[in-house]
Amino acid sequence: MTTIPATAYLTRVQLNPRSREAARDLTDVQNLHRRAMSLIPDQLGSAETRQAAGLLYRLERTPRAHTLLLQSYAPLDLDALPVGYALATDDRDLTRLLHWLAPGRTVRYRIDAQPYRSLPSPVDDRDTEGHRKRGTKIHIFGDDAITWWHRKATQAGLTTTSGVLATQQPDVTGWKDDPRETGKRIHIYGKRTRFEGTAAITDPDALRTAILQGVGRNRAYGAGLLSIAPLNYT
């Protein structure tokens, strides 16, 4: 079992719009995943140990700039970025924030997530051993997605205190090699919703775990990073 440190670091990388490497990463989620993994310092692990490094990330898109937010258990190796990839970088220690968490305190939050619903398979749809096959997961949107987030927020130690702003994000897509079959590639695809609002802390330990481990599916591909900011930092 991976030990979860009591702190994390948040790194901001403002992408250079003239960088070819950055442009490729913006159009292929697998490339962006590899880029983020390349920044893990040796003491945190390797490309097979994203969880051990505590690596989560989110792409913030604006009309003027794109910023890659990365969270990890120790400072990332920004020297591993290609020359000209970033216009600016900075990082900060989240220790004080994580220690500040307490019941009743109010925070602003933001998360890009991939809400889904599981559809059960037909009763007579069984494998060769007679077991009922696994159901199908489908993306959900609108009120269904907000309901999904309310449930996840509660599990993460938060109770929303205002209306949830749910904004559909650009589809993510890319290709990766299939580890089960040489020469075969798997299409990566997903629909993301950004959830934002304010919430009261109900369970600091659950919230700390959600921040450090992420929430929901596809955390390896830019989903699940829960960012918070105190409304009153005392």
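You'll find the structure just up there.
Not measured: the values here are computed from a predicted model.

About the criteria used
Residues numbered from 1 in each chain as written. Predicted model: local features only at pLDDT ≥ 70, side-chain atom pairs only at ≥ 80, totals over all residues. Heavy atoms only, no water. 1 Å grid on protein atoms, 1.4 Å probe; cavity = no way out; pocket = protein on both sides within 12 Å on 5 of 7 lines; lining within 4 Å. Points joined across faces, edges and corners; volume = space filled by probe spheres on them. Helix = DSSP H or I, 4+ residues; strand = E, 2+ residues; numbered from the N terminus. Nonpolar A, V, L, I, M, F, W, Y, C, P; charged D, E, K, R; others polar. Core = buried A, V, L, I, M, F, W, Y, C linked by side-chain atoms within 4.5 Å. Buried < 20%, exposed > 50% of the residue type's maximum accessible area, 1.4 Å probe, protein only. Contact = heavy atoms within 4.5 Å.

1. Some words on the layout of surface pockets
Empty space within the largest pocket amounts to approximately 370 Å³. Going through the elements one at a time, β1 (9-15), β2 (56-61), β3 (66-72), β5 (106-113), β12 (193-201) and β13 (227-230) are the ones with two or more residues in the lining of the largest pocket. Split by residue class, the lining of the largest pocket holds nine nonpolar, five polar and seven charged. A volume near 270 Å³ is recorded for the second largest pocket. The wall of the second largest pocket is formed by 19 residues, among which L59, R61, P170, V172 and R192 lie closest to the centre. Elements with a minimum of two residues in the lining of the second largest pocket: α1 (20-27), α2 (29-38), β2 and β10 (172-177). Counting residues per element, the lining of the second largest pocket draws most heavily on β2, which supplies four residues. By residue class, the composition of the lining of the second largest pocket is eight nonpolar, four polar and seven charged.

2. Topic: the nonpolar core
W149, F195, L226 and I228 are the most contacted members of the largest nonpolar core, which totals 30 residues. Mapped by element, the contributors of at least two residues to this core are α4 (95-100), β5, α5 (142-155), β12 and α6 (204-213). In this view, W149 contacts Y109, I111, T160, V164, F195, V215 and L226; residues no more than four positions away in its chain are not counted. With 22 residues, the next largest nonpolar core counts L59, L70, Y85 and A220 among its residues.

These figures capture arrangement, not role.
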